[in-house]
Amino acid sequence: MSIPFSILDLAHIGEGQSAANAFEKSKAIAAEAEKQGYQRVWLAEHHGMRGVASAATAVLLAAVGQATSKIRIGSGGIMLPNHSPLVIAEQFGTLATLFPGRVDLGLGRAPGTDMATARALRRNMNASVEDYPADVMALQEYLSDDKGDNRVLAIPGAGTKVPLWLLGSSLYSAKLAGQLGLPYSFASHFAPDMLLDAISVYRDSFRPSAQLDKPYVSAGVMSVVADDEAEAARLFTSVQQQFANLRRQANDPMPAPVDNIDAVLSEYEVAAINNTLRFAIVGTPAQAERQISQFIEATGVDEMIFSFPITDKEKCLDAIRHVGGMTSVMQKQNWAA
């Protein structure tokens with residue numbers, strides 16, 4: 001059975017680019033992903049970041065839906081503590097009505113921003129971890145069938161049954177996803193440490209639900225693929241610099257690639273960032289195929305979701321084509337049996 005490949009798009013605003021450039025690139029990414037046979041394309045909610053344009057995630061998803069015709073679209077994810085579950089049900093109910101059978105709703109419990117911005121966003125800064133499961137279940141209820149006795153209705157939303165995913169980088173969301181019988185996506189593209197433990201916890205805690213009868217897990221990886229190994233390494237320097245900026249609390253657009261990362265970052269910074277990005281797929285198509293095969297074999301994931309942190313639009317699309325061309329040859333081993 002071939003393992004599905006998907007894309008997580010952050011609508012990167014590159015150095016010298018605008019949000020409008022990022023939106024056009026996101027639509028092109030989705031169209032190319034559809035052409036190459038990817039399963040889904042997701043956008044991530046981040047706020048107040050000069051290098052990310054997907055803050056109004058549902059709005060941008062509408063544009064991505066219009067630019068495509070069959071690929072699944074969705075969030076990877078919506079940061080639920082930032083919003084009322086009813087508002088999210090209405091937004092994604094609207095998307096599901098516009099693009100029936102194509103919409104996913106991935107949820108996270110982090111703010112997706114700094115705390116000052118989180119305070120400006122949130123309805124209630126006193127929310128605790130214990131509120132998150134209740135909010136997820138409230139969202140499920142809003143998207144379920146209208147039974148006629150609901151005091152509060154999501155219109156659009158009721159009856160759309162938009163499939164929920166839980167996203168996470170720790171064991172908490174893994175266990176909750178299992179207990180609720182929801183698919184789970186692990187953020188190994190930026191938080192790799194607990195990947196294998198989270199997959200194990202998720203599968204061990206899984207209970208079948210109306211949405212899902214057996215565990216289903218995806219994992220994220222950065223991917224920078226080019227015809228030439230040196231060019232792939234050069235393009236990868238953009239995300240290395242971006243992570244360095246995050247560590248330095250420098251809020252800048254996504255940097256342009258450089259020829260030598262050691263000329264702009266210290267040896268310590270490079271080592272620390274490369275450890276965080278240790279699952280990144282970087283190299284030629286042949287090298288990338290081997291790396292992807294090793295990742296699938298080591299984790300037994302049901303789906304891989306790739307983030308392509310490449311500022312140049314055409315080079316980003318080339319990388320998507322390179323990885324998309326592997327979908328017919330990548331095979332999932334039965335490691336979960």
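Located above this text is the structure these notes cover.
Residues numbered from 1 in each chain as written. Predicted model: local features only at pLDDT ≥ 70, side-chain atom pairs only at ≥ 80, totals over all residues. Heavy atoms only, no water.

When you go through the protein chain residue by residue, the secondary structure sums to eleven helices and nine strands. The globule rule puts the C-alpha radius of gyration for 337 residues at 20 Å, and the 19 Å found for the protein chain is close to it. Each principal axis of the C-alpha atoms in the protein chain carries an extent, and together these give about 65 × 45 × 35 Å. Long-range pairs, those at least 24 residues apart, make up 73% of the contacts in the protein chain between residues at least 6 apart in sequence. When the accessible surface of the protein chain is summed, it comes to about 14700 Å², and 52% of that surface belongs to carbon and sulfur atoms. (Helix = DSSP H or I, 4+ residues; strand = E, 2+ residues; numbered from the N terminus. Rg over C-alpha atoms; globule rule 2.2 N^0.38 Å. Contact = heavy atoms within 4.5 Å. Areas by Shrake-Rupley, 256 points an atom, 1.4 Å probe, with all protein chains shown as cover.)

Relative to the elements of secondary structure, S218 occurs in strand β7 (residues 217-225). Its relative accessible area of 1% is what places S218 among the buried residues. Within the local environment of S218, its side chain forms a polar contact with the side chain of S185, the two groups lying 2.7 Å apart. (Buried < 20%, exposed > 50% of the residue type's maximum accessible area, 1.4 Å probe, protein only. Polar contact = N/O pair within 3.5 Å; in protein donor to acceptor, adjacent residues only side chain to side chain.)

The next point concerns the pattern of salt bridges. For the structure shown, the criterion picks out 13 salt bridges. Across the pair E24 and K27 runs a salt bridge, and its minimum N-O distance is 3.0 Å. On the criterion of helical spacing, the pair formed by E24 and K27 is a turn pair, its members being three residues apart in helix α1 (residues 19-36). Judged by relative accessible area, E24 falls into the partly exposed class, the value being 44%. What makes K27 partly exposed here is its relative accessible area of 26%. D104 is the partner of R72 in a salt bridge, and the nearest nitrogen-oxygen pair spans 2.8 Å. Separated by 32 residues along the polypeptide, R72 in strand β3 (residues 72-79) and D104 in strand β4 (residues 103-108) bring together distant segments of the chain. Several salt bridges converge on common partners, so that one network encompasses R40, R72, D104 and E303. (Salt bridge = Lys/Arg side-chain N within 4 Å of Asp/Glu carboxyl O.)

Quick look at α1 now. With 18 residues, α1 should cover 26 Å at 1.5 Å per step; its first-to-last C-alpha distance of 25 Å lies within 8% of that length. Those residues of α1 that sit buried are A22, K25, S26, A28, I29, A30, E32, A33 and E34. The secondary structure elements touched by the buried residues of α1 are β1 (5-9), β2 (40-43), α2 (57-66) and α11 (313-324). Backbone geometry just downstream of α1 places G37 in the positive-phi region, at approximately 90°. (Expected span 1.5 Å × (residues − 1).)

As for its position among the elements, A22 is in helix α1. Separated by 32 residues in sequence, A22 and S54 place their C-alpha atoms 8.9 Å apart. Here A22 is in contact with A11, H12, I13 and A53, once residues within four sequence places are set aside.

Glancing now at unusual backbone geometry. Put simply, G76 and G77 share a cis peptide bond, and its omega is 5°. By the element assignment, G77 lies in strand β3. Even without glycine at this site, A11 takes up a positive phi of about 50°. Checked against the element boundaries, A11 lands in the loop between β1 and α1. The phi torsion at Q249 lies on the positive side, around 60°, for a residue other than glycine.

Right, let's talk about the packing of α2 against helix α3 (residues 85-98) for a bit. Close contact between α2 and α3 brings their axes to 10 Å; oriented N to C, the two are set at 5°. By the criterion of interaxial angle, the relationship of α2 to α3 is roughly parallel. Every residue of α3 that contacts α2 at A58, L61 and A62 is listed here: Q91, F92 and L95. Residues of the contact of α2 with α3, tallied by class, amount to five nonpolar, one polar and no charged. (Axes fitted to C-alpha atoms, helices over the stretch in contact; angles between N-to-C directions. Parallel < 35°, antiparallel > 145°, perpendicular 65-115°, else oblique. Nonpolar A, V, L, I, M, F, W, Y, C, P; charged D, E, K, R; others polar.)

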